[in-house]
There are 2 protein chains.
Amino acid sequence: MTDIATSSEGWHWAPDGGLVAGIPSKGVIQPPQSVTSSDAMFDVIVIGAGYTGLTATRDLTTSGLKTLLLEGRDRIGGRTWSSNIDGYPYEMGGTWVHWFQPHVYRELSRYGMINELVHSTDYSKRHNYFSFATSSGRRTMSHEEEDELFSRAMQKFVNVDGDFGKTVMPFPFNAYWNKDVLKYADLSVADRIAQIRHDLSEDERHAIESFVLLCSGGTAQNSAFLDFLRWWAAGNYDYRTLLDTIIVFKLKCGQSEFALRFFKEALATRNLSYSFKTAVAKVDSTTDALVRVTTRDGRQFRAKRVICTAPLNVLRKIAFNPPLLAEKREASELKHVNQCVKVHAEIKDPEMRSWSGVTYPNNKLVIGLADGKTPAGYTHCVFFGCDDNHIHADDDIDETLKAVKEFAPMDVNRLVFHNWSKDEFAEGAWVWYRPGMEVKYLDALRRRQNAVLFANSDWAAGGWRSFIDGAIQSGTEAALTVRGELQVGPRATHL
Amino acid sequence: MTDIATSSEGWHWAPDGGLVAGIPSKGVIQPPQSVTSSDAMFDVIVIGAGYTGLTATRDLTTSGLKTLLLEGRDRIGGRTWSSNIDGYPYEMGGTWVHWFQPHVYRELSRYGMINELVHSTDYSKRHNYFSFATSSGRRTMSHEEEDELFSRAMQKFVNVDGDFGKTVMPFPFNAYWNKDVLKYADLSVADRIAQIRHDLSEDERHAIESFVLLCSGGTAQNSAFLDFLRWWAAGNYDYRTLLDTIIVFKLKCGQSEFALRFFKEALATRNLSYSFKTAVAKVDSTTDALVRVTTRDGRQFRAKRVICTAPLNVLRKIAFNPPLLAEKREASELKHVNQCVKVHAEIKDPEMRSWSGVTYPNNKLVIGLADGKTPAGYTHCVFFGCDDNHIHADDDIDETLKAVKEFAPMDVNRLVFHNWSKDEFAEGAWVWYRPGMEVKYLDALRRRQNAVLFANSDWAAGGWRSFIDGAIQSGTEAALTVRGELQVGPRATHL
C-alpha cells in the first residue's frame, strides 16, 4: 500500500482481521487542503469532487478560471472509487465503461487510457456456468443458455411497441423526443411485468426481476419502467450490447486512477484550490453579486458562480438562500430508489473466474459474477443486492457472508464494500427514479438558480444519465456555461 | 442566401443555369483574414481548418494559448462542408454522425446540438423500394429484403474468425490489440472476396462489392480488407448497426454550422488569429527554438509549436525542413485509395423519398439513396461513385446525369457536388488504405518531428479513423500534448 492513503470510507473484512472501517484508495487527496486565506474569492466554486465536479473543475481551471473545489469526503470520485488492495482495484461504485458511452470514452481516449480496458468476464476456467436459484428451484446452465434466457425475457419486457422500444424511444440521448413514450412514464417495473405476465415463464419473470433490480437497486414496485427503457435504448436495444456497455469493460488501473487524471490536469494549471473533508452547509446568492458558500466548519468562500454537484438524495441537506426551487426540494425529499448493495469477495478458487449466478427472491444478494483475478491468484467476485430484501453489510457481516455463500460454496478470503445507503453524501447509488418522477422533476432539477448551477449525472441530459458518462456530460455542460458567462480574455503571451 | 457567402469550391448544375463553379456555404469565413503584423509570433500555428484543426484551435485558444489558424481554402471544415441552398444543407463530404462515435457526439452534446439529428431515411413514401441493377439484371426489392441480402453478404465477408470479427478485433478503438488480426493486413477486398467466392451468390458478391466500394471509394483490388473490418467492429459487428452509425443520422442545420461552433468558440477567447486562402508552402523547424511557417504568398509566421493537419494525400506538398520522415513521405506519395465521387441530386418527385439503389459494376455511380426533402418539396438523393469506373462530374455533366438516371427514371432539378479528386488540399476523400499500408505506416504518420505535430483523421488512433470522429480525436490529442508542453500558468483574476 505504498503511496496509497487510506480513506475513512469503505469496509474490509477478512477471516483473521474481522471487519475494519476504511480502505486504501488512490483517490484520497493528501494533504486534504490547498487553499489559503488570500484565496477566499474565486471565479467559481465547485461543490463535490465526483466525476461531474472533477470534469467541471478541469474545464474551468484549464480555461484560466480560478476555481475552488469543495468536497465533504477525503477523496475524489463521489459514487465512483476504487480501493487498491495489493495493487488490485476493487470498485466500490461506478465500474464499467464502453466506447458507446461518448463522454467517458472521449476522456479515456484523451488521457491515452483506452488500453486500460479489460474484460470482467473470462469463460476459460472450470466453473464455467451460470447458477440460477429461484423460488422454482436451483440449477445451473451454460452462459449461452443464460444469455438466451435473459435476452428473450428482456425483449418481452421492453417490447411495448412491437419494435423492442426503437419506435417509442428512437433517440436514447433524448428519451422523450417521441412524446408517445410518456404514456409509460407512470409505469413501475412491477406494472410492466403484470402487463406481460401471461406471456412469461417463471424463469423469464425471475430473469427480468433480477436483472432489472440489478439495474435499479430498488424494488419492482418503486422502480420506474422508463429508466430501464432508456438504458435499453442506449444499449442499442439489445440485451447482449446492453451487457457489453454496462457490465463488461472496466479499467485495469481502477476508476480512482482515471479520476485522478482530471484532478491532476486541473492542478497543473495552478488555478485550482481545494478543500477535502469539507462539507458545505450553506449557499447564499442573495447578498451581493458574489455567491457565498459556508462550510460546516464555518469557513466562508465567495465566487462569481457556484456549480453544485450534490446528488439528488442529499441535495436537500444544503441550505440554499434563496431556497431550493420547490420541485428540486420535493424531488430530493422523495429521493430516487437506488439502495444498491455492492459487495466484493475474494474467493479462494481460481476456477470460479468463469462463474456467474442469480439467487432471487429469497437471498439478500441477487446477482453475482466473477469480475477478475486477484494478485493472490484467487477469483474476485462481485455481488449486488437492492432495496428489496435490503442488507446493510457492515451491520451484519455474517448475514452478508451467508448471502454470498448462498450462490455457491465459496471459501471467502476477504470482503470489500461501501455502504451507499448510509453514505451521508449520497444516500444511495446511481439514480433510478420512481414512476413518474423523472418526467415530473427533470426540468426543474436542471434549472439554475441565479449564479448557482446544478450539475449531476442524476439529471444529466444524455442517454447515460446515472452513469459516469452522464456525470462527465453534466460537468462539461456546466463548465461551458460558466466559461461563456465569465468569458476569459487573451492571456499575455510568455514568449 | 442572405448572410451566406459563396465558396470558390464546389459545383452547381441546373437545367437552366448549367454548370457553375462555387456554391454558398455557412463555412466561408469573411473577412478571410484576421492577423496583424504584431501577431507574427504565436504560441501555436495550426495548419488546416478541418475538424482536426478546428478542434485543436479551440482547445488551444480556450486554454489561453495564442493561436494562428492557417487554411488554404476560403472556408472551414476541410473534407466536411455543407452548401446551404435555400436554407437546405447539401453535404459535400462528411455527413453522418451517431452517438456511438464518442468524440463527435461529445461535441454535439457539448454544443447543445443533439436535437439537430435527423434521419436520412424515410420509408413512408410511394417509391418505397430498393433497386438493384447488376450484371445479373435489374430488379427491385423491399428495404427489408435489401437489408437481409446485404447483412447476410457482409457477414460472410467479415467472418474470418467464425465470430464475425469479434474474436480477431475485440477492441475497435485499438484495431491491433489482438496481433492475430495482422495476418489479414495484406489482404485486399478482392482477395477476401476470392477466399469466400465459393460461398457467395452473385447477388451477395455484388452486394459486398458495391457496399465496400461505397465505404472505400477505391477499387476492390486497391482497398484494404482490414479497414473494412475496423469499420465493421466499430459498428458493433452488425450490418444494421454499421449503417445506423455511418449513413443514417445527419445534422438538420448542416455540418458547416457545427464546424462554426468550434471556430466561434475559439474566436470568442480573443486568442485566435487566422488567415484563410492561405496555403502553407514551408515549415522550418531547424533555425531556432521557434518554428517558421512560410505561406505560398511569402508571409512568415513563427510559433513554439506547429500542428499540421494536412491530409495524407497532400502532406508531401508542404516543404518541411528538416524533411518529412521517409515513411511519412512514402505514404503520402503512395496515397490512400479513396477517390469517392459524391453527387447530390434534387429530384422532382416527392415520392422518391423512400428509395435507394445500386447500379454495379456497369455505371459511373454505384449507390444512391434518398437523403432528405428539399424546401421545394422535392426529394434530395445522394449518389456515390468510386475509383472503379471513376468520373470527374465537373468534366462531363451529361455523363453524370446519365449515371444518376441509370438508377431509375428521374427528373433532375439540380446537381450539387465537390470534386474531391481534383481538390488540391485533399486529393481524395476520407482515408482508406491500400493493403498493408496501414500497418506499415500508421506509427510513422503519427510521429511528431521536434516542435511539429501531425494530426489528422487519416491516422487517428480511434476506431473511427477516417470519420469526423477521428478528426476530433486527433485534434484533441494534439492540443492536449501542446498544452502540456506550453503549460499555461494562472491567469490574473479579474474580480
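Quick caveat: nothing in here was measured; it's all calculated off a predicted structure.

(A) Inspection of the sheet that holds strand β19 (residues 367–373) of chain A at higher detail. Residue and element names in this part refer to chain A. The nine strands are arranged β2-β1-β21-β17-β20-β19-β18-β9-β10 in an open sheet whose pairing can be described as mixed. Bordering the open sheet on either side are β2 (18–24) and β10 (137–141), each of which pairs with just one other strand. Across this sheet, the average inter-strand angle for adjacent strands is 25°, counted without regard to direction. Packed on one face of the sheet, helix α3 (residues 143–158) meets β9 (130–134), β10 and β18 (356–359) and runs near 50° to β9.

(B) Representation of the relation of the copies chain A and chain B within the structure. Mapping chain A onto chain B leaves a residual RMSD of 0.0 Å; the transformation is a rotation of 180° accompanied by 0.0 Å of translation along its axis. Expressed as a symmetry operation, the mapping of one chain copy onto the other fits a two-fold axis. Across chain A, the smallest distance between a C-alpha and the rotation axis is recorded for P102 of chain A, namely 1.8 Å. The residues that chain A uses at the interface reappear at the interface of chain B in 98% of cases, marking a shared surface.

(C) Expanded view of the packing of helix α3 (residues 143–158) of chain B against helix α6 (residues 225–234) of chain B. All names here are of chain B. Packing of α3 against α6 brings their axes to within 11 Å, and their N-to-C directions diverge by 120°. Of the possible angle classes, the one that applies to α3 and α6 is oblique. Crossing angle aside, the handedness with which α3 passes α6 is left-handed. Contact with α3, carried on its side by M154, Q155, F157 and V158, involves F225, F228, L229 and W232 of α6 and no other residues of that element. Residues belonging to the contact of α3 with α6 are distributed by class as follows: seven nonpolar, one polar and no charged.

(D) Representation of the sheet that holds strand β19 (residues 367–373) of chain B. Residues and elements named next belong to chain B. Ordered by their spatial adjacency, nine strands build an open sheet running β2-β1-β21-β17-β20-β19-β18-β9-β10, and the pairing between neighbours is mixed. A strand with exactly one partner marks an edge of an open sheet, and here the two such strands are β2 (18–24) and β10 (137–141). Each adjacent strand pair in this sheet contributes to an overall mean axis angle of 25°, direction not counted. Of the strands in this sheet, β1 (6–14), β2, β17 (341–347), β20 (379–385) and β21 (412–417) touch helix α11 (residues 397–405), which is tilted by about 115° from β21.

(E) A look at the UniProt feature "binding site: substrate" (unreviewed entry) in chain A. Residue and element names in this part refer to chain A. Under the feature "binding site: substrate" (unreviewed entry), the UniProt entry names F384. Mapping F384 onto the fold places it in strand β20 (residues 379–385). Of the residues examined, F384 reaches a relative accessible area of 4% and is grouped as buried. Every residue in contact with F384, bar those within four places of it in the chain, is listed here: W96, L214, C340, V341, K342, L365, V366, I367 and L369.

(F) Quick look at the UniProt feature "binding site: FAD" (unreviewed entry) in chain A. All names here are of chain A. Per the UniProt record, the feature "binding site: FAD" (unreviewed entry) sits at T52 and V280. Note on T52: relative accessible area 5%, which makes it buried. Sequence-distant contacts of T52, defined by excluding residues within four places in its chain, comprise T309, A455, N456, S457, A471, S474 and G475. If you trace the backbone, V280 turns up in strand β13 (residues 280–284). Those residues in contact with V280, other than ones at most four positions away along the chain, are I47, L70, V293, T294, T295 and I318.

(G) Spotlight on the interface of chain A and chain B. The interface is formed by 53 residues belonging to chain A together with 52 residues belonging to chain B. For the chain A and chain B pair, buried surface summed over both sides reaches about 4700 Å², with 57% attributable to carbon and sulfur atoms. One can count four salt bridges joining chain A with chain B. Its salt-bridge partner being R483 of chain B, residue E265 of chain A comes within 2.6 Å of it at the nearest N-O pair. The interface formed by chain A and chain B holds ten residue pairs in polar contact (both at pLDDT 80 or more) in total. Elements with a minimum of two residues in the side of chain A that touches chain B: β4 (41–47), α1 (51–61), α2 (102–110), β8 (117–119), α7 (239–247), α8 (255–268) and α13 (468–485) of chain A. With seven residues, the single largest contributor to the side of chain A that touches chain B is α2 of chain A.

(H) Spatial organisation of the confidence of the model for chain A. Taken as a whole, chain A shows an average pLDDT of 95; of its residues, 97% reach a score of 70 or greater. Reported confidence for the predicted complex is 0.95 by ipTM and 0.96 by pTM.

(I) Expanded view of the pattern of salt bridges. All told, the structure shown has 83 salt bridges over all chains when counted by the stated rule. For D203 of chain A, the salt bridge identified is with R139 of chain A, shortest N-O distance 2.4 Å. With D203 of chain A in helix α5 (residues 202–216) and R139 of chain A in strand β10, this residue pair connects regions lying 64 residues apart in the sequence. Residue class for D203 of chain A comes out buried when judged on its relative accessible area of 18%. The partly exposed category is assigned to R139 of chain A, whose relative accessible area is 39%. Note that E257 of chain B and R261 of chain B form a salt bridge whose closest N and O atoms lie 3.8 Å from each other. Here R261 of chain B and E257 of chain B lie together in helix α8 (residues 255–268), a separation of four residues that amounts to about one turn. Given the relative accessible area of 18%, E257 of chain B is considered buried. Residue class for R261 of chain B comes out partly exposed when judged on its relative accessible area of 29%.

(J) Structural context of the packing of α3 of chain B against helix α7 (residues 239–247) of chain B. Residue and element names in this part refer to chain B. Relative to each other, α3 and α7 sit at 105°, their axes nearing to 9 Å. On the basis of their axis angle, the class for α3 and α7 is roughly perpendicular. Two secondary-structure elements touch here, α3 through D147, F150, S151 and M154 and α7 through Y239, R240 and L243. Here the contact of α3 with α7 is composed, by residue class, of four nonpolar, one polar and two charged.

(K) Focus on the packing of aromatic side chains. Scanning all chains against the criterion turns up 69 aromatic pairs over all chains. With a centroid separation of 5.1 Å and 70° between ring planes, the pair formed by Y88 of chain A and Y90 of chain A is classed as edge-to-face. For the residue pair Y88 of chain A and Y90 of chain A, the accessibility class agrees, reading buried in each case. Ring centres of F130 of chain B and F150 of chain B lie 5.7 Å apart, and the angle between their planes is 85°; this geometry places the pair in the edge-to-face category. Taken together, the positions of F130 of chain B in strand β9 (residues 130–134) and F150 of chain B in helix α3 put the pair 20 residues apart, joining distant regions of the chain. Exposure remark for F150 of chain B: the relative accessible area of 2% places this residue in the buried category.

(L) Quick peek at helix α11 (residues 397–405) of chain A. All names here are of chain A. All of the buried residues along α11 are I397, T400, L401, A403 and V404. In a view along the axis of α11, the buried residues occupy a sector of 160°, so they form one face of it. Residues D398 and K402 are exposed on α11 and point more than 90 degrees away from its buried face. Here the buried face of α11 lies against β1 (6–14), β2, β17 (341–347), β20 and β21 (412–417).

(M) Structural view of the domain arrangement of chain A. All names here are of chain A. Structurally, chain A comprises domain 1 (25–81 + 255–334 + 427–487) and domain 2 (117–249 + 341–419). The distance between the C-alpha centroids of domain 1 and domain 2 comes to 31 Å. Regarding the contact of domain 1 and domain 2, the summed buried area is about 1900 Å², with carbon and sulfur atoms giving 61% of it. On the domain 1 side of the contact with domain 2, W432, P435 and W464 bury the most area, a combined 38% of that side's loss. Counting across the interface, domain 1 meets domain 2 through one salt bridge.

(N) How the structure looks around the environment of V46 of chain B. Residues and elements named next belong to chain B. Residue position: V46 is located in strand β4 (residues 41–47). Here V46 falls in the buried class, since its relative accessible area comes to 0%. Residues V46 and A56 lie ten residues apart in sequence; the distance between their C-alpha atoms is 7.5 Å. Beyond its immediate sequence surroundings of up to four residues, V46 is in contact with G53, T57, L60, T67, L68, L69, L70, I307 and T309.

The rules behind these values
- Residue numbers here run from 1 along each chain, matching the order of that chain's written sequence.
- Labels are handed out in written order, letters beginning with A for the chains and numbers beginning with 1 for the ligands.
- The model is predicted, so local features are restricted to residues of pLDDT at least 70 and side-chain atom pairs to those at 80 or more, both for listing and for counting; the totals for chains, interfaces and linings are taken over all residues.
- With hydrogens and water stripped out, all remaining heavy atoms of the structure feed into the side-chain values.
- When DSSP finds at least two bridges between two strands, those strands are taken to pair.
- In this description a helix means any DSSP run of H or I spanning at least four residues, a strand means any run of E spanning at least two, and both kinds are numbered starting from the N terminus.
- What counts as an axis is a line fitted to C-alpha atoms, over the stretch in contact for a helix, and the angles between N-to-C directions run from 0 to 180 degrees.
- Here a residue-residue contact requires only that any non-hydrogen atoms of the pair lie within 4.5 Å.
- Least-squares superposition aligns the copies on the C-alpha atoms of those residues with pLDDT at or above 70 in both.
- Note that the term roughly parallel is reserved for angles under 35 degrees, roughly antiparallel for angles over 145, roughly perpendicular for angles of 65 to 115, and oblique for everything else.
- In this scheme the crossing of two helices becomes right-handed for a clockwise turn of the near helix relative to the far one and left-handed for an anticlockwise turn of less than a right angle.
- Gly falls in the polar group here, along with every residue not listed as nonpolar (Ala, Val, Leu, Ile, Met, Phe, Trp, Tyr, Cys, Pro) or charged (Asp, Glu, Lys, Arg).
- UniProt positions are given in the numbering used here, feature names are shortened, and annotations may be inferred rather than shown by experiment.
- Note on exposure labels: buried denotes an accessible area under 20% of the residue type's maximum, exposed denotes more than 50%, and partly exposed covers the range between, all computed with a 1.4 Å probe on protein chains only.
- Take the accessible area each of two parts loses on contact, using a 1.4 Å probe, and add the two losses: that sum is the buried area.
- A pairing counts as a salt bridge when a side-chain nitrogen of Lys or Arg comes within 4 Å of a carboxyl oxygen of Asp or Glu.
- Contacts described as polar in this section are N or O atom pairs within 3.5 Å, which, within protein, must combine one atom able to donate a hydrogen with one able to accept it, while residues neighboring in sequence count only if both atoms come from side chains.
- What pLDDT reports is the predictor's confidence in each residue, on a scale of 0 through 100.
- Aromatic pairs are defined between Phe, Tyr and Trp rings, using the six-membered ring for Trp, whenever the two ring centres lie within 6.5 Å; interplanar angles under 30 degrees are classed as stacked, those over 60 as edge-to-face, and all others as tilted.
- The arc refers to the directions leading from the helix axis to the C-beta atoms.
- Where each domain begins and ends is defined by an automated method or by a domain database.

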